[in-house]
Structure formats: C-alpha cells, structure tokens
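Per-entry structural report
Listed here are the chains, written in short residue letters.
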Amino acid sequence: MRIDSVPSLPRKERLILDLLVSAGPLYGLQLVKSSDGALKRGTVYATLARMEAKGYVESEQEELPAGAIGLPRRIYRPTALGKRVRRAWVTLAKEFALEVPR
Amino acid sequence: MSRSTHNRSLPGTRFLDFARLIFPAQIIASVFSPAVADLRVELAEAGPSRITRFATRCRWYWALCSLVLVAPLSVRTSPVTGSSDAVVTVPNGGWLLVLLAGTLYLGTWSFFGSFVISTASAGVALAFAMRTWHDKHPAMVVEPWRLAALPPVQINLSAIRVAGDGPGLIFAVGTVLIVVVGLPGLWWFFVAAGLGSLLVAWRLFLRRSTEHSGLLRLIR
C-alpha cells in the first residue's frame, strides 16, 4: 500500500466513529447531541456522507409506518473498515504517546 | 387536505425543493434529506412552546444554510455511477466558479456600479431559463462516456459547451443583452451583428436544406 493511500481519519470523523462504536447505530441529530457541542448540525451530515463514501460508516433509511407522510430518517453505523481504521488510529496514538519525552 | 398540500406544509419542504435545483440527487439523498428529517423530529420534540419551536427552527435553518456551503466542498459525486463511488474533499468546480464570480463582482463594484447587479440578476435568470428548458426537453440523449472524456470546465469560461439548441440560443441572446446593458453606446453594433448573423444563418440553412433534399432524391 502506498503511503498516500493509507486511510486518513480527521478529528471529527474519529469522534463520529468513537460515538458510533460506543453507543451503537445513531441518527445524525443524536450524534450532534451526544458530542457535547463538538459536532454541529450544519456539518455533521456532510461529514457522514464523506465517511460513507470512504467506507467508514454505512447508513440505512428507517421505514415509515404505512400512510405516514414525510421523510424517513437515516441511521448510521460503523463498517468493519471504519472500526479497523479507528483501532489503527488508537494504536498509533498510543505509540506516539509512549514516545513523548518525559 | 390533499397529500401534496400536507407535504408542502411540512418544515424543510421548500428548502429541499430549493436544494434540488442546485444539487445532484446523490447529495440530496445523503446530506439534505437526513438533515431535514432530523429537523422535523427535533421540531416535533420541541413541544408546544412557540419560543422553543422558533429557536429550533432558527437553529436548523442556520444549519441548513451552512450545509449548502459545506456540502459541495466536502462531498463530490460521480456523474455516472452511484454514491459508493463518490470522491471526497475535492471542491466542486461550479461552486468555485460562483465564488470567483462573486469576488469579481465585489471587486469591480466601485467602477461598474449597478451594472454588476443587472449582470448578476440576468445571469441567474438565464441559468434558470436554460435549466428549465433542459428539464422540459428530456428527449435529449445524454452520453456519459462523452461527458467523462471531456476535461472539466472549472473556471475556463471558454470551455463551456454551448450547443445549437434552445439553451444555446438563450445563452447567446442573453449574453448580448447583458453586454448591451453594460455598453449601451454600442447597441447599433449588436443590432447590426445580430441582423448580419441572421442573414448568414438563413443562407446556410437554405444551402444545407437544398443539399439535403438533393441527397434524398439521389437515394430514392
């Protein structure tokens, strides 16, 4: 694998993966509310779309009850790749934390 | 109350209609529809208090406006394949062009003045007219392989393809009108050029139709 094809994991994407791994599948709004202000309504959906394109999360539309009018909500869950990238990042972070001079 | 009327009254419906005008279906499905669905849920959970509901609406509409700016810069969709092939963090050329045009308009405001407003309004009106024409004439065949082979236009205005069809005519006539508004002293030049080009076009049309009918006679 070339160095420029190593999956990247920016801070917000990492936070989303942390929340999804710890709390299970969540809606975009639930992610915003459980992030204590770190995620905003105005950006989280674009970030989720980008993560879905990268293969870190997958989403599913909820089914509307028969006769219901409106838009179905979209629920997000981490993929195997997303979990793997997060694990790798945690390992990397620990490795660098150990190398911090005392 | 009919279903469509009821739909229209749901919060976020008009915003989605607007977003559909400027964003592809993939971005609508992956970014804007989930946001509007969550808006409705939060608004329903806000309770009967008018102040809370108003605050929730304001928060969401601010968020949706931010999304309009953020989405094209963070998610790019593939014109041919599905959302799984979306490319990330590549700015959308169309939006960069809009940003560039906005900056140029602001920069030239001091010496072009109100002409800036007329050109911007006329440009938007022309864009909508061309888009409407395309929407109403779905018989036009789209050739994705040809589109894929073309280099992206980005900010090179001369690379924008103008076909010999309805939108092509709207583009040509609209551009001339905008220039006439900016340089009214040259109106006679554009009128003369327009008449001259009409004469040439009519001559070409006659010649080609004669050749065409001659060929048809030969074939028969």
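A separate point is the overall build of chain B. Within chain B one finds 10 helices and two strands. Shown N-terminal to C-terminal, the secondary structure of chain B runs as helices and strands in the order α-α-α-α-β-β-α-α-α-α-α-α. In chain B, which comprises 220 residues, the share counted as buried stands at 23%. The contacts in chain B between residues at least 6 apart in sequence include a share of 55% that link residues at least 24 apart. Accessible surface for chain B amounts to roughly 15,200 Å². Of this, 71% is attributable to carbon and sulfur atoms.

Across its full length, chain A holds four helices and three strands. Reading chain A from its N end, one meets helices and strands in the order α-β-α-α-β-β-α. Each of the 102 residues in chain A was classed as buried or not, and the buried ones make up 38%. Of all intrachain contacts in chain A linking residues separated by at least 6 positions in sequence, the fraction that spans at least 24 positions is 51%. For chain A, the exposed surface amounts to about 6,100 Å²; the carbon and sulfur share of it is 55%.

What follows is about the confidence of the model for chain B. Residues and elements named next belong to chain B. On average, residues of chain B score 74 in pLDDT, and 70% of them are at 70 or above. Throughout residues 78-91 the model reports pLDDT below 50, and contacts reaching past four residues in sequence, or to other chains, amount to 24 contacts. Scoring the predicted complex yields pTM 0.55 and, for the interface, ipTM 0.85.

So, about unusual backbone geometry. All names here are of chain A. For Asp 36, which is not glycine, the phi dihedral falls at a positive 55 degrees. Looking at the element boundaries, Asp 36 is found in the loop between helix H2 (28-34) and helix H3 (41-54). A relative accessible area of 74% places Asp 36 in the exposed class.

What follows concerns helix H1 (residues 11-23) of chain A. Residues and elements named next belong to chain A. Taking 1.5 Å of rise per residue, the 13 residues of H1 would be expected to cover 18 Å, and the 18 Å separating its terminal C-alpha atoms lies within 8% of that figure. All of the buried residues along H1 are Glu 13, Arg 14, Ile 16, Leu 17, Leu 19 and Leu 20. Once H1 ends, the next one or two residues include Gly 24, with phi positive near 90 degrees.

Glancing now at the nonpolar core. Grouped together as the largest cluster of nonpolar side chains are 38 residues, with contacts concentrated most on A:Ile16, A:Leu31, A:Tyr45, B:Val31, B:Phe32 and B:Leu67. Elements with a contribution of two residues or more to this core: H1, H2 and H3 of chain A together with helix H2 (13-22), helix H3 (25-45) and helix H4 (50-74) of chain B. Considering each element in turn, this core owes the most residues, eight residues, to H3(B). Once you skip the residues sitting within four places of it in the chain, B:Phe32 turns out to touch B:Phe15, B:Leu16, B:Ala19, B:Phe23, B:Ile27, B:Leu64, B:Leu67, B:Val68 and B:Ala71.

About the cut-offs
Residues numbered from 1 in each chain as written. Chains lettered and ligands numbered in written order. Predicted model: local features only at pLDDT ≥ 70, side-chain atom pairs only at ≥ 80, totals over all residues. Heavy atoms only, no water. Helix = DSSP H or I, 4+ residues; strand = E, 2+ residues; numbered from the N terminus. Buried < 20%, exposed > 50% of the residue type's maximum accessible area, 1.4 Å probe, protein only. Contact = heavy atoms within 4.5 Å. Areas by Shrake-Rupley, 256 points an atom, 1.4 Å probe, with all protein chains shown as cover. pLDDT = per-residue confidence, 0-100. Expected span 1.5 Å × (residues − 1). Core = buried A, V, L, I, M, F, W, Y, C linked by side-chain atoms within 4.5 Å.

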